[in-house]
Every structure is written in structure tokens, then in C-alpha cells.
There are 2 protein chains.
Amino acid sequence: MANPTDQITLDPAAKKAALRMFTYGLYAIGVAHGEDRNMFTANWLTQVSFEPPLVSISVENDGHSIGLLRESGVFAISVFSTDQREQAGALGKRWKLRPDKIGDVRNRPGVTGCPVLEDAPGVVECRVIDQMAAGDSTVFLAEVIHAEVQGDAQPLTMQEAGFRHAG
Amino acid sequence: MANPTDQITLDPAAKKAALRMFTYGLYAIGVAHGEDRNMFTANWLTQVSFEPPLVSISVENDGHSIGLLRESGVFAISVFSTDQREQAGALGKRWKLRPDKIGDVRNRPGVTGCPVLEDAPGVVECRVIDQMAAGDSTVFLAEVIHAEVQGDAQPLTMQEAGFRHAG
């Protein structure tokens, strides 16, 4: 390689500022295993393949939901609408501080058994097919196995919500 | 599992519509190996870890750039600004139809040797640490090894650009 990477330096302030320029949406991720279920707010999520339709999501290793996701191998993505900023905030609280946070939002079981938001404009349900360790998190690769359009509300973006989860 | 996933059906129209509700930014990805270099427009990109700072990007298996990326193990992300819609369109053309498309944008070599946009508000350079096969694409996991802020222009979003690359 022409430029050995071990001589390159990283300025923490520039790293934080540049990574915060990335654009994100906001999604309610529903997980369930047996009687245990949870929803959490995520933004590190993207489609990654057209054929077959695949998405990836990064999930924190030290949260409550990753265990449920690993056990069941399925999860549901509900796209927050611009009217659902408050729900995005509620589901963004840490489970250990608010283990009953799912009660703060109107939800129903999706076809995978994972909770989905009643009022989200779109729902995508997924089956995990692979995963990759990624620092403090794990990137799950998942196939889209079901999808529903529930209305024409506009999707909520991270910038509109005024939230920050990058850097 | 309470809900076997093999009985779940996928409606292609709902799948496309729901996946198009995801929010994306637009980025110029620079790759280089030896004298060969290229830039392409990407949106399937996200941060995936705070510590260490990691990003993931999905790259098409049948494009020209994936080979350069695999050979060098480094790439550069330039965040398009709202003024750079035209450049985002130019770099979004397929390499085999326009192999000299990098000449359509003002660029310079980054610290990794990969091309970065002169006028992008932010630049993030990365070293690949892992990868995962993902259907028609490959998801690369990469550590942020260098970052620069080049101005305070607003990042361009997929929605503002009017482009579509999801569904």
C-alpha cells in the first residue's frame, strides 16, 4: 500500500464533527423472545442489498435488546413519522432505567411476533442471517421477510428530531 | 420460535414502499489502488460503533470500485453538501459507462491516497477491518483513521437530491 495507515493520525474533534454530518432516519426496533419483548430507538440502520432485500442494523452490545434479538433471530423496524418525535424519545431511554418503556407507545405484535408501532407509516420485519462484531456494537444482517405501509405520514429524520447519536 | 418465519409472505410493492421511507445522506466514496482510482456516490452507509469509531458501507459486487477497495483496504468518505447535487449525480453514473467520471469533480488525494472532494463539508477516511457478504453487495466494516472538517455547508440528503436508491 502506498500510504501505510499506521502513520495516519485521528483528531477526535474533527472525527466527531465529520461523523455528525452523516444523515439518519429514526426507527423503532421491536424485539421479542417468549414473553419478553422490547422496543428501542435506532438510527444506525440501512438497506444493504436489493436482491435479496437485506438491511443491516448496529445494536449496542451492552443493551437489553441484543439478547432477545440473538435468541429469536427476528426483529421489526417501524419508521417513525414526523408526528412521533415524543415516542422516539421515549423508546430511546435505556431499558435498565425504564424497562416498561414499550408501554409508552401504541404497539401491536407483527407477523414475527416482534412489536411494531400502530401509527408508523411503514413497517419492515426481518430475519437475521448473519452478524459481525463491530466495536461496542454488533452489526446484524437481515433479510426483509414482511413489509407493510400503514399511511402516508412523512418519515422523521434525526435532524428534524434534534437528536444526536453519531460522532 | 413462536412464529416460524417460513410462513410469512412478502408483498413486493409494500417492501419497496416501506424501504423507500428510510432516510439517507449522500456521500462520495473515494477508492484507489496503485495508479487506479475512482469515486462513486453511495447512500448505504452508517456509523456502527462509537468506541472504536467504526462505519459500515454496502458496496455493489458487480461494480468497478469493490476491487480497488479490496486491494487497498482503505477508502475515503466525502459528505456531499447541498451545493453538490450535480457532483453526486456525476459520480453516481456507472464506471463502465463513464470510467473517467472522477474528472467531473474537484478532488485531491486524502491521507490514505484515496480521492476526496475538495469542497465537501466533511471527510472521513477509513481502514477496512472486516466484511460480510450481503446479497448483491458486500458490507465493509471500517475503522475511522482520519477526519477533516472543510467548511460549514449543509450535508445533502437523498430526499433533497431527489434521488432514489432503496427498495
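Residues numbered from 1 in each chain as written. Chains lettered and ligands numbered in written order. Predicted model: local features only at pLDDT ≥ 70, side-chain atom pairs only at ≥ 80, totals over all residues.

1. Focus: the overall build of chain A
Which entries qualify depends on this criterion: A run of H or I in DSSP counts as a helix once it spans at least four residues, and a run of E counts as a strand once it spans at least two, with each numbered from the N terminus. Computation of the radius of gyration draws on C-alpha atoms, with the globule rule given as 2.2 Å multiplied by the number of residues to the power 0.38. Each residue is classed by its C-beta neighbour count within 10 Å, where at least 20 other C-beta atoms makes it buried, 12 or fewer makes it exposed, and intermediate counts make it partly exposed; the C-beta atoms are placed from backbone geometry.
A count of helical and extended segments in chain A gives four helices and nine strands. For chain A, the succession of helices and strands along the chain, N to C, is α-β-β-β-β-α-β-α-β-β-β-β-α. Taken over the C-alpha trace, chain A has a radius of gyration of 17 Å; the compact-globule value for 167 residues is 15 Å, and the two agree within 12%. If one aligns the C-alpha atoms of chain A with their principal axes, the spans along those axes are about 55 × 35 × 35 Å. The proportion of buried residues among the 167 residues of chain A is 50%.

2. Observations regarding the relation of the copies chain B and chain A
Rule in force here: All copies are superposed by least squares; the fitting set is the C-alpha atoms of residues with a pLDDT of at least 70 in both.
With an RMSD of 0.0 Å, chain B superimposes on chain A once it is rotated by 180 degrees and translated 0.0 Å along the axis. Expressed as a symmetry operation, the mapping of one chain copy onto the other fits a two-fold axis. Of every C-alpha in chain B, the one belonging to Y24 of chain B sits nearest the axis of rotation, 3.0 Å from it.

3. Considerations on the sheet that holds strand 9 (residues 137-149) of chain A
Sheets are built from strands that pair by backbone hydrogen bonding, the pairs being arranged parallel or antiparallel. Our working rule: Criterion used throughout: strands pair if DSSP finds at least two bridges between them. Angles shown run from 0 to 180 degrees and are taken between the N-to-C directions of axes, each axis being a line fitted to C-alpha atoms and, for helices, limited to the stretch in contact. Whether two residues are in contact depends on their C-beta atoms, placed from the backbone: they are in contact if these lie within 7 Å.
Read from one edge of the open sheet, seven strands run 2-1-5-8-9-4-3 (chain A), paired in antiparallel fashion. With partners counted over all chains shown, the strands left at the sheet margins are strand 2 (36-42) and strand 3 (45-49) of chain A, one partner each. Adjacent strand axes in the sheet meet at a mean angle of 35 degrees, parallel and antiparallel pairs treated alike. Here strand 8 (residues 122-134) of chain A pairs with strand 9 of chain A via twelve bridges, running antiparallel. By the bridge assignment, V123 of chain A is partnered in strand 9 of chain A with E148 of chain A. Sheet strands in contact with helix 2 (residues 65-72) of chain A are strand 1 (27-33), strand 2, strand 4 (54-60), strand 5 (74-79) and strand 9 of chain A, and its direction is about 60 degrees off that of strand 1 of chain A. Set on the sheet, helix 1 (residues 12-19) of chain B makes contact with strand 3, strand 8 and strand 9 of chain A; between it and strand 9 of chain A the angle comes to about 125 degrees.

4. Section: helix 1 (residues 12-19) of chain A
Defined as follows: In this description, one arc is meant: the one made by directions from the helix axis to the C-beta atoms.
Of all the positions in helix 1 of chain A, only K15, A18 and L19 of chain A are classed as buried. Down the axis of helix 1 of chain A, the sector holding all buried residues measures 95 degrees, keeping them to one side.

5. Observations regarding the nonpolar core
For clarity, the cut-off: For our purposes the nonpolar core covers buried Ala, Val, Leu, Ile, Met, Phe, Trp, Tyr and Cys residues that link as a set through C-beta atoms within 7 Å.
Formed by 100 residues in total, the largest nonpolar core has its most connected members in I29 of chain A together with I29 of chain B. Among all residues touching I29 of chain A, those that are not within four sequence positions of it are M39, F40, A42, I57, F75 and I77 of chain A.

6. As for the interface of chain B and chain A
Rule in force here: Charged residues are taken to be Asp, Glu, Lys and Arg, nonpolar residues to be Ala, Val, Leu, Ile, Met, Phe, Trp, Tyr, Cys and Pro, and polar residues to be all remaining types, Gly included.
With 58 residues of chain B at the contact, the number on the chain A side is 58 residues. Where the side of chain B that touches chain A is concerned, the elements lending two or more residues are helix 1, strand 3 (45-49), strand 4 (54-60), strand 5 (74-79), strand 8 (122-134) and strand 9 (137-149) of chain B. For the side of chain B that touches chain A, the leading source of residues is strand 9 of chain B, giving nine residues. Residue classes in the side of chain B that touches chain A are distributed as 34 nonpolar, 17 polar and seven charged.

7. Re the sheet that holds strand 1 (residues 27-33) of chain B
What the seven strands build is an open sheet, ordered 2-1-5-8-9-4-3 (chain B); its pairing is antiparallel. Each edge of the sheet is formed by a strand with only one pairing partner; in this case those strands are strand 2 (36-42) and strand 3 of chain B. Averaged over all pairs of adjacent strands, the angle between strand axes in this sheet comes to 35 degrees, irrespective of strand direction. Sheet topology places strand 3 of chain B next to strand 4 of chain B; four bridges connect them, and they run antiparallel. Considered in strand 4 of chain B, the bridge of T46 of chain B is made with S56 of chain B. Strands in contact with helix 1 of chain A are strand 3, strand 8 and strand 9 of chain B; relative to strand 9 of chain B, the strand with the most contacts, it is inclined by about 125 degrees.

8. Thoughts on the confidence of the model for chain A
The line we're drawing: Per-residue confidence from the predictor is reported as pLDDT, which spans 0 to 100.
Across chain A, pLDDT averages 95, with 98% of residues at or above 70. Predicted as a complex, the structure gets a pTM of 0.96 and an ipTM equal to 0.96.

9. Overview of the environment of A18 of chain B
Structurally, the position occupied by A18 of chain B is in helix 1. Looking at A18 of chain B, the number of C-beta atoms within 10 Å reads 27, which means it is buried. Sequence spacing of A18 of chain B and A166 of chain B is 148 residues, and the spatial spacing of their C-alpha atoms is 9.5 Å. In this structure A18 of chain B touches G122, V123, V124, A147, E148 and V149 of chain A, once residues within four positions along its chain are discounted.

10. Here's the deal with the environment of V149 of chain B
Position of V149 of chain B among the secondary structure elements: in strand 9. Along the sequence, V149 of chain B and V123 of chain B sit 26 residues apart, while their C-alpha atoms lie 6.5 Å from each other. Beyond its immediate stretch of four places on either side in the chain, V149 of chain B contacts A14, A17 and A18 of chain A together with P121 and G122 of chain B.

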